There are 2 protein chains.
Amino acid sequence: MASKLTEKACNRSFGGLQKVFEHVSAELKCSMKFGVYLPPQAEKKKCPVLYYLSGLTCTEQNVVTKGGFQRAAAKHGIVVVCPDTSPRGVNIEGEDDSYDFGSGAGFYLDATEDKWKTHYRMYSYVTKELPNVIRDNFNVTDKAGVTGHSMGGMGALVVGFRNPDLYGSISAFSPIVNPINVPWGQKAFKGYLGNDAESYLKQDPCHLVKSYSGFVAEVLIDQGLGDQFLADQLKTESFREACKGTKVTPTIRMQEGYDHSYFFISTFMEDHMDFHSRYLCS
Amino acid sequence: MASKLTEKACNRSFGGLQKVFEHVSAELKCSMKFGVYLPPQAEKKKCPVLYYLSGLTCTEQNVVTKGGFQRAAAKHGIVVVCPDTSPRGVNIEGEDDSYDFGSGAGFYLDATEDKWKTHYRMYSYVTKELPNVIRDNFNVTDKAGVTGHSMGGMGALVVGFRNPDLYGSISAFSPIVNPINVPWGQKAFKGYLGNDAESYLKQDPCHLVKSYSGFVAEVLIDQGLGDQFLADQLKTESFREACKGTKVTPTIRMQEGYDHSYFFISTFMEDHMDFHSRYLCS
C-alpha cells in the first residue's frame with residue numbers, strides 16, 4: 001500500500017528542491033518525517049539516491065540545514081534522503097529519558113524486547129519501507145548508496161554490509177564501528193535486543209564486514225582526531241583491523257583538529273558525495 | 001580599552017576555525033556574542049574581513065551554522081565576522097514582544113528615543129566597536145567588506161554607503177532597500193528614532209546611495225522571486241531606480257523559485273564571497 005506523503009517544507013536550494021515530508025510509517029507505527037533533496041536533474045530524468053543516516057539526538061533537520069550536501073548533490077544529480085533517527089511520539093515509558101537510548105537513538109535496528117519491538121524498527125524502516133516510499137513517489141533509479149554520521153555512520157555500514165543488493169556505495173563520518181565493544185552500543189543492544197548477545201553481531205560493522213559478499217570494494221570513512229568520542233565510543237582503528245583479509249578496503253582519513261560536529265561533516269561532505277557519485281552516477 | 005573576549009565555541013571547518021566569542025560591549029552596555037571564521041590562511045598572514053549582518057530574529061548562530069560561507073572563505077582567505085542582531089538581556093519593557101522590533105531586531109541604527117537609546121546602538125557597535133575588537137584580537141588587514149540578509153542586507157547597504165572609508169565592497173541578500181516606505185522600517189524607525197522623519201533617511205539605502213562618494217562601483221544583490229516578503233517589505237526594484245544617476249551600478253539578480261531562507265542564502269553565498277574577494281583579496 002502506497003504511503004501517503006504530506007509535504008511539510010519545500011525550499012529551493014542550489015537549483016533543486018529541499019523538501020521535508022511526513023508520512024505514517026507501517027513499520028514504526030507512528031508519524032515520521034524525512035528530508036529529501038531533489039537535484040535539478042530530477043526534473044528531467046531519474047536520479048540515483050544517497051541515504052544519509054543521522055546520529056544520536058538528531059532529527060532529519062540537522063543534516064538538512066547544516067550538512068551542506070545540496071551543493072554537491074546538485075553537481076552530481078543525486079537525490080539525498082535523510083530519515084529521522086527513531087520513532088517519534090509513541091509514548092513508551094522512559095523513551096525520552098536519555099540522549100543515547102529511546103527517542104533520537106533508534107540505532108537502525110529492529111528491537112526484539114517486548115517494550116520496544118512494536119515501534120523501534122528503524123532497520124526495516126530504513127532498508128525496506130523508506131526505499132519503497134522513495135521509489136513510489138520520486139523520480140529515482142534503482143541505484144542507491146548509504147552514508148551517515150556517528151550512530152548513523154554505524155547504521156550506514158550495517159545496512160550496507162547486510163544488503164549488498166540495495167547499496168552499491170558505502171561511506172561514513174565518525175562511525176561507531178564496533179558497537180558491541182563500546183558503551184553506546186552495549187547500552188542500546190541490551191535495551192533493544194535483551195541478553196541475546198549473538199543478535200548484537202548483526203548490528204556490528206567490524207563483525208559484518210568479515211562476511212560481506214557485495215561488490216563494494218572501498219569504504220570511505222572520515223574521522224576527526226579532535227573528536228571527543230573517538231577513544232571511547234568510535235574506535236575507528238578497529239575497523240581497519242577488521243577489514244584485513246576481507247574484500248573491503250577501508251579508506252580511513254583521520255582529520256587533524258576536527259571534532260564530532262556538523263562543521264566537520266560539512267567540510268568533508270563534498271568528498272563523500274564525489275565518492276558515491278563514482279558508483280551512483282556511472 | 002581592549003575588550004576582553006571569552007571563547008564560547010571553536011570548531012575546525014574547511015581547514016580554518018569557526019569560533020564564537022562573548023564580550024561586554026561598551027556601546028550596547030551588555031554582553032554580546034559574535035561569530036568569527038578564521039580561514040587557514042590567517043595562521044600565517046593577515047587576512048581581510050567580511051562582515052555579515054543577519055536578519056530579523058537571528059543571532060550569530062543562524063549564518064554560522066546554515067550560511068555555508070566557510071568553504072568559500074577558506075578558498076579566498078577571508079575572515080568572516082557575524083555579529084548578533086540586537087543587544088541582549090537588557091531588560092527593556094516590551095523588548096521581546098515582537099519579532100520585528102526590540103531584541104533580534106536592532107535594525108543597525110543608534111536609537112534616539114529615551115527608552116532605547118542607552119542600549120540599542122547597533123550602528124556604532126557594528127561600524128566602530130566591533131571592527132576595533134576584530135583588529136585588536138585577530139590577524140586581519142584594514143580591508144573590509146560588508147554583506148547581510150534582509151534587515152541585515154539593509155544594514156550592509158547602510159553602513160557601506162555611510163562609511164566609504166571602512167568598507168570597500170558591499171553586497172546583500174534580500175535587503176530591505178527602502179525601509180522608510182515599508183512596514184518593517186516604519187515601525188522600527190518610529191520606535192527607535194521617534195517622529196524625526198529626517199533622521200530616518202540615514203537608515204535608508206535608496207536615499208543614501210544618492211550621496212555615496214566612495215569607490216564601490218558595483219553592489220551585488222540576490223533576491224528570491226519566491227520570497228514572501230518581496231512585494232511588501234523588500235521592494236528590490238526601488239533600489240535599481242534609486243541608483244540611476246549615481247556612481248553605483250547595482251547587479252540585482254532576481255532568482256526564480258528562491259525564498260527568504262538560508263537555503264537561498266547558502267546557494268548564492270559563494271558568488272558573494274567571490275564578489276567580495278575581488279576587492280578584499282586584490
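Just above, that's the structure.
As the structure is a computational prediction, the values presented were derived from the model and not from experiment.

A. Spotlight on the overall build of chain A. Helix and strand content of chain A: 11 helices and 9 strands. For chain A, whose C-alpha radius of gyration is 17 Å, the value lies close to the compact-globule estimate of 19 Å for 282 residues. If one aligns the C-alpha atoms of chain A with their principal axes, the spans along those axes are about 50 × 40 × 35 Å. Here chain A holds 282 residues, and 62% of them are scored as buried. Partitioning the intrachain contacts of chain A with sequence separation of at least 6 by distance along the chain shows that 72% fall at a separation of at least 24.

B. Highlighting the pairing of strand β6 (residues 140–148) of chain B. Residues and elements named next belong to chain B. Sheet topology places strand β4 (residues 47–53) next to β6; 6 bridges connect them, and they run parallel. Among the inter-strand pairings, Cys-47 is bridged to a residue of β6, identified as Val-140. For the crossover that starts at β6, traverses helix α5 (residues 151–162) and ends in the parallel strand β7 (residues 169–173), the hand is right-handed.

C. Structural detail: the interface of chain B and chain A. Taken together, the 22 residues of chain B in the interface contact 22 residues of chain A. Surface buried jointly by chain B and chain A totals about 1600 Å² across both partners, of which 55% is contributed by carbon and sulfur atoms. Among the residues chain B hides against chain A, the three largest losses belong to Arg-12, Phe-14 and Phe-263 of chain B. Together they make up 37% of the total. The interface formed by chain B and chain A holds 2 salt bridges in total. The interface formed by chain B and chain A contains 8 residue pairs in polar contact (both at pLDDT 80 or more).

D. View of the environment of Lys-66 of chain B. Its location among the elements puts Lys-66 of chain B in helix α1 (residues 60–66). Along the backbone, Lys-66 of chain B and Leu-280 of chain B are 214 residues apart, and their C-alpha atoms lie at a distance of 23 Å.

E. Looking closely at the pairing of strand β8 (residues 218–224) of chain B. Residue and element names in this part refer to chain B. Taken across its 7 residues, β8 has 6 buried, putting it largely inside the fold. Two elements, β7 and β8, share 3 bridges in a ladder whose sense is parallel. Residue pairing across strands places Ala-172 opposite Ile-221, the latter belonging to β8. Bridge analysis of β8 against strand β9 (residues 249–255) gives 7 bridges, and the strand direction is parallel. Within β9, the residue paired with Gln-223 across the bridge is Met-254.

F. Structural view of the sheet that holds β9 of chain B. All names here are of chain B. Pairing is mixed in the open sheet, where 9 strands are placed in the order β1-β2-β3-β5-β4-β6-β7-β8-β9. Here the strands that pair on one side only, and so sit at the sheet edges, are β1 (6–13) and β9. On average, each strand axis in the sheet is tilted by 20° relative to the strand beside it, whichever way the strands run. As judged from the 3 bridges shared by β4 and strand β5 (residues 79–83), these two strands associate in the parallel manner. Bridging across to β5, Tyr-51 finds its partner in Val-81.

G. Representation of the sheet that holds strand β9 (residues 249–255) of chain A within the structure. Residues and elements named next belong to chain A. Across the sheet, which stays open at both edges, the 9 strands sit in the order β1-β2-β3-β5-β4-β6-β7-β8-β9 with mixed pairing between neighbours. In the strand order of this sheet, the two ends are held by β1 (6–13) and β9, each with one partner. Averaged over all pairs of adjacent strands, the angle between strand axes in this sheet comes to 20°, irrespective of strand direction. Across the face of the sheet, helix α11 (residues 262–280) comes into contact with β4 (47–53), β5 (79–83), β6 (140–148), β7 (169–173), β8 (218–224) and β9 while running at roughly 170° to β7.

Criteria and cut-off values
- Residues numbered from 1 in each chain as written.
- Chains lettered and ligands numbered in written order.
- Predicted model: local features only at pLDDT ≥ 70, side-chain atom pairs only at ≥ 80, totals over all residues.
- Heavy atoms only, no water.
- Helix = DSSP H or I, 4+ residues; strand = E, 2+ residues; numbered from the N terminus.
- Rg over C-alpha atoms; globule rule 2.2 N^0.38 Å.
- Buried < 20%, exposed > 50% of the residue type's maximum accessible area, 1.4 Å probe, protein only.
- Contact = heavy atoms within 4.5 Å.
- Pairing = 2+ DSSP bridges.
- Right-handed = clockwise from strand over helix to strand, strands pointing away.
- Buried area = accessible area lost by both parts, 1.4 Å probe.
- Salt bridge = Lys/Arg side-chain N within 4 Å of Asp/Glu carboxyl O.
- Polar contact = N/O pair within 3.5 Å; in protein donor to acceptor, adjacent residues only side chain to side chain.
- Axes fitted to C-alpha atoms, helices over the stretch in contact; angles between N-to-C directions.

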